[in-house]
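In case you want the letters, here they are:
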Amino acid sequence: MTALRQRKGSKGSKEPGPEVLNQRFNPSAEPLERSSDGVWTWRTVLWVAIGWIVGISLGMLCCIYVATLHENDLWFSNIKEVEREISFRTECGLYYSYYKQMLRAPSIQQGLSELISDNATESKRTINLLRRMNIYQEVFLGVLYRILPIQAYLEPVYFYIYTVFSLQAVYVIALFITSWLLSGSWLAGALTGVWYILNRVDTTRVEFTVSLRENWSLPFFALQIAAITCYLRPHLKPIQQKVVLWLMFLATLCFCLTWQFNQFILLVQALIIFTLDCLDLISTEQVTCLYLVQVSSLLSVWLLQFCNSMILGSLALSFIVAALFVKHFQRGLKTGGLAARLGKLLLHTVLVLALTFTINYLAKQALQLRSDEHIFKFIKSKFGLGPTRDFDASLYLCEEAFGLLPLDTFDRLAGTLLAYPYLVTLIVLLVMLALVTLANLCDSSAVGRPQKGRGEARPICMRADVAYNLLHTVFFGLLALGTMRMKYLWTGHMCAFAAYGVCGKELWSLCLNMIHCNTKTKLRLIRYTLPLVILCFLYHKFWPKLMTELSELREFYDPDTVELMTWISSKTPKKAVFAGSMQLLAGIKLCTGRVLTNHPHYEDRALRERTRQVYQIYAHQSPEEVHGILRTAGADFVVMEDSICYERRHGRGCRLRDLLDLANGHIMDGPGDNDPDLVHASHPRFCESVKTDGPAYTALFTRVFQNKTFHVYKLRRGKKRAKGDREPVAMEDKTH
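Residues numbered from 1 in each chain as written. Predicted model: local features only at pLDDT ≥ 70, side-chain atom pairs only at ≥ 80, totals over all residues. Heavy atoms only, no water.

The name an unreviewed UniProt entry gives the chain is Dpy-19 like C-mannosyltransferase 3, with Salmo trutta as the organism. Under the UniProt heading Subcellular location (unreviewed entry), the note attached to the chain is "Membrane". (UniProt positions renumbered as here; feature names shortened; annotations may be inferred.)

Details of the overall build of the chain
A tally of helices and strands in the chain yields 33 helices and seven strands. Counting only residues that meet the buried cut, the chain has 56% of its 736 residues in that class. When the accessible surface of the chain is totalled, it reaches about 32,100 Å², and 63% of it is carbon and sulfur. (Helix = DSSP H or I, 4+ residues; strand = E, 2+ residues; numbered from the N terminus. Buried < 20%, exposed > 50% of the residue type's maximum accessible area, 1.4 Å probe, protein only. Areas by Shrake-Rupley, 256 points an atom, 1.4 Å probe, with all protein chains shown as cover.)

Some words on the environment of Gly-415
Mapping Gly-415 onto the fold places it in helix 20 (residues 408–415). Residue Gly-415 is classed as partly exposed on the basis of its relative accessible area of 25%. In contact with Gly-415, other than residues within four places in its own chain, are Lys-541 and Phe-542. (Contact = heavy atoms within 4.5 Å.)

Focus: the packing of aromatic side chains
The tally for this structure, following the rule as stated, stands at 34 aromatic pairs. With centroids separated by 6.4 Å and ring planes inclined at 80 degrees, the aromatic side chains of Phe-255 and Trp-259 adopt a geometry described as edge-to-face. No difference in accessibility class separates Phe-255 from Trp-259, as the two residues are buried. Between Phe-274 and Phe-319 the ring centres are 5.6 Å apart and the planes differ by 75 degrees, which places this aromatic pair in the edge-to-face class. Placement of the pair is Phe-274 in helix 13 (residues 262–278) and Phe-319 in helix 16 (residues 315–329), with a sequence separation of 45 residues. Here Phe-274 and Phe-319 have matching classes, each one buried. Here the basic side chain of Arg-84 rests over the ring of Phe-76, its NZ or CZ set 5.3 Å away from the ring centre. The residue whose ring lies beneath Arg-213 is Tyr-95, and the NZ or CZ to ring-centre distance is 3.8 Å. (Phe/Tyr/Trp six-rings, centres within 6.5 Å; stacked < 30°, edge-to-face > 60°. Lys NZ or Arg CZ within 6 Å of the ring centre and 35° of its normal.)

Examining the nonpolar core
By size, the foremost hydrophobic cluster in this structure holds 164 residues, and its most contacted members are Tyr-160 and Trp-195. When residues of this core are assigned to their parent elements, the largest contribution, 17 residues, is made by helix 8 (residues 156–183). Taken together, domain 1 (164–551) and domain 2 (559–715) each give at least three residues to this core, which thus spans both. Counting 32 residues, the second largest nonpolar core, distinct from the first, contains Phe-391, Val-614, Leu-656 and Leu-715. (Core = buried A, V, L, I, M, F, W, Y, C linked by side-chain atoms within 4.5 Å. Domains from an automatic or database assignment.)

Structural notes on the sheet that holds strand 4 (residues 595–596)
The sheet built from five strands is open, its strands ordered 4-3-5-7-6 with mixed pairing. Across the chains shown, the open sheet's two edge strands, defined by having one partner strand only, are strand 4 and strand 6 (701–706). Here strand 3 (residues 577–579) pairs with strand 5 (residues 637–641) via two bridges, running parallel. The residue of strand 5 that forms the bridge with Phe-578 is Phe-637. (Pairing = 2+ DSSP bridges.)

So, the state of the cysteines
Taken as a whole, this structure holds two disulfides when the rule is applied. Between the sulfur atoms of Cys-398 and its disulfide partner Cys-654 the distance amounts to 2.1 Å. Disulfide Cys-398 to Cys-654: torsion about the S-S bond roughly -75 degrees, handedness left-handed. In this pair, Cys-398 sits in the loop between helix 19 (391–397) and helix 20 while Cys-654 sits in the loop between helix 30 (642–645) and helix 31 (656–664), placing the two residues 256 residues apart along the sequence. You can call Cys-398 buried: its relative accessible area is 13%. Here Cys-645 pairs with Cys-687 through a disulfide, and the sulfurs are 2.0 Å apart. Given an S-S torsion of about 80 degrees, the disulfide between Cys-645 and Cys-687 has right-handed geometry. (Disulfide = S-S within 2.5 Å.)

Details of the packing of helix 16 against helix 17 (residues 338–367)
Axis angle and axis distance: for two packed helices, these are the angle between their axes and the distance between the axes, and together they describe the pair. Between helix 16 and helix 17, the least distance of the axes is 8 Å, while the angle of their chain directions is 135 degrees. With respect to their mutual orientation, helix 16 and helix 17 come out oblique. You can see that helix 16 and helix 17 cross each other, and the crossing is right-handed. Facing Leu-315, Ser-318, Phe-319, Val-321, Ala-322, Ala-323, Phe-325, Val-326 and Lys-327 of helix 16, the residues of helix 17 in contact are His-348, Leu-351, Val-352, Leu-353, Leu-355, Thr-356, Phe-357, Ile-359 and Asn-360. (Axes fitted to C-alpha atoms, helices over the stretch in contact; angles between N-to-C directions. Parallel < 35°, antiparallel > 145°, perpendicular 65-115°, else oblique. Left-handed = near helix turned anticlockwise from the far one by under 90°.)

A word on the pattern of salt bridges
Counted under the stated rule, the structure contains 29 salt bridges. With its nearest N and O atoms 3.5 Å apart, the salt bridge here joins Arg-412 to Asp-408. With Arg-412 and Asp-408 both in helix 20 and four residues apart, this pair spans about one turn of that helix. The exposure class assigned to Arg-412 is partly exposed, which follows from its relative accessible area of 31%. We note a salt bridge from Glu-506 to Arg-463, for which the minimum N-O separation is 2.5 Å. Here Glu-506, found in helix 24 (residues 505–514), pairs with Arg-463, found in the loop between helix 21 (419–442) and helix 22 (464–482); they are 43 residues apart in sequence, far enough to count as distant. When its relative accessible area of 9% is taken as the criterion, Arg-463 is described as buried. A single network of salt bridges, built from pairs that share partners, joins Glu-122, Arg-125, Arg-132 and Asp-604. (Salt bridge = Lys/Arg side-chain N within 4 Å of Asp/Glu carboxyl O.)

Dropping the structure here:
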């Protein structure tokens, strides 16, 4: 295993338009950052300029911070090239290998051709990598590095990692803008950026998983949220709306193009828009525009990924189509009394959900799509609705990243004073949302008419952009609580949302009104003093810790893996096919360029089945069975790892060998209970028995490399089977 060693040294007659809604839910709202007469003054310009300088500076500070941590943890500038490549852990190495492939190709055109018709990533198959994987970012950087005159000044690996770290600056700036738009003060943005950096453990993991897809996509997702927040602001002119919609589309497109899980994130976002629409918080025009941005982004990615069927069969696309279709034909949804409207909303929701699943089922049947079924198996198993022995679902469930959010997360967030204002803001705004929603549902006469002339203004109101961000943090918070890996979608936005609570006008006005002392002077004093006090406290408490963290120096240290990669590069044919664990094979692909039987990109049903078959090397199987499986996959060499064969990281029932035993119907090793239908295996565990060099094993496998961690065996040509002999259980290979 890799270790770190210490180193010395409205367009409808029944719906209100956006201007009406903005006046209705926030009658006192004025354009942010302007004087009372709407004219920009030199003080305003100076104040805004300072805000932009602070935001960009915080973004650059975050970029330098994570880049320094990456350098200090690995001593990246001084280790060998093979060690640098090994440091790209698991699937990160696979993605980076395509960047490396683009650079080594004789020409850009040939590099693209090799990616479109790749036969080295999966043995005995030719696949279109641009269709199967989200690697346009690697292609773009590879082309950019080749055409820019920087080869003499910057190594390719640094161009790659510095680009990823620079996106962290974009991420912080996008969060800065979101909190600034919500609160009307760039001090909220400053607080957001500081919170994001101080809570690095929970907001990002970019410094040790550089090329992970989320590190590319989340900055664009944050930009999209900032664009939505701007689009839903009051007093936005038509030309400004069009510009923001285009920015929203571009951000959504980049987000979808760089992460394979984009459809599930957009589904959650579509549910948020649907909720806002049902609660009468945004106009029909805004709902339609937001939906169309999502649809156009998904369809653009579908085209760029050579008509990837997973996008057409996504729940997000099915839901948006269903929501727009039902909304078009259900005209009187927002009329009538409270009981009538609740009944209509319930019927509307049921119709949309029913049509969503119908469209999705028909699309998947028409496209013969089963590539994403492992996600739904995981969800079913997580909530006890599906089989618990399914290998793919168990592989996810046994990983800590896919478990519940640990409670110590909230301790860390509370330590930086982030959790307290966040929870207070969340609770207060949820109460306000409930009151505003109740008023909207009870007062059907308000639909389509401004508030002017209808009597007194409502004492409690909520802007559309605030409502969106409130529901955003609720929906993604629930997702993060259920699956720890999803917390990175939540915690960054949590910083912006909490900063809005500290600096926002509406919340403090409400509090001051309750104690009958609401004046502009007191409101301004609180909104500007409190964030400064918090920033001073955070500086005093955490600056020494940050300096200590940045002074800790370590060194990459993984001699066994380095030895293995060096041996493969020098002692095996370039076209040799290797079998083994997904994580290790990704490194072999990057470091040696050898052909793989399987890899960590798990979004293909045929590949998942092959991976399960290859993993029989860690199960109770006969040497003939394992040999037949590996030969069917085209393997010439198989690499076995003691860290998997004798795994101790997971408890019993979650070790890889246990998952294989359960899937094969065998009793698990070690003390503990077993289900009554499990039986004793008729063969010993292969990864252990092959080391005995018994005649049955040496006839089919020859050990060619060994160190403390890895054992490499070369497959001998097996004898032809008689017709009556049973073929190994192996998946069918097809050319895609």
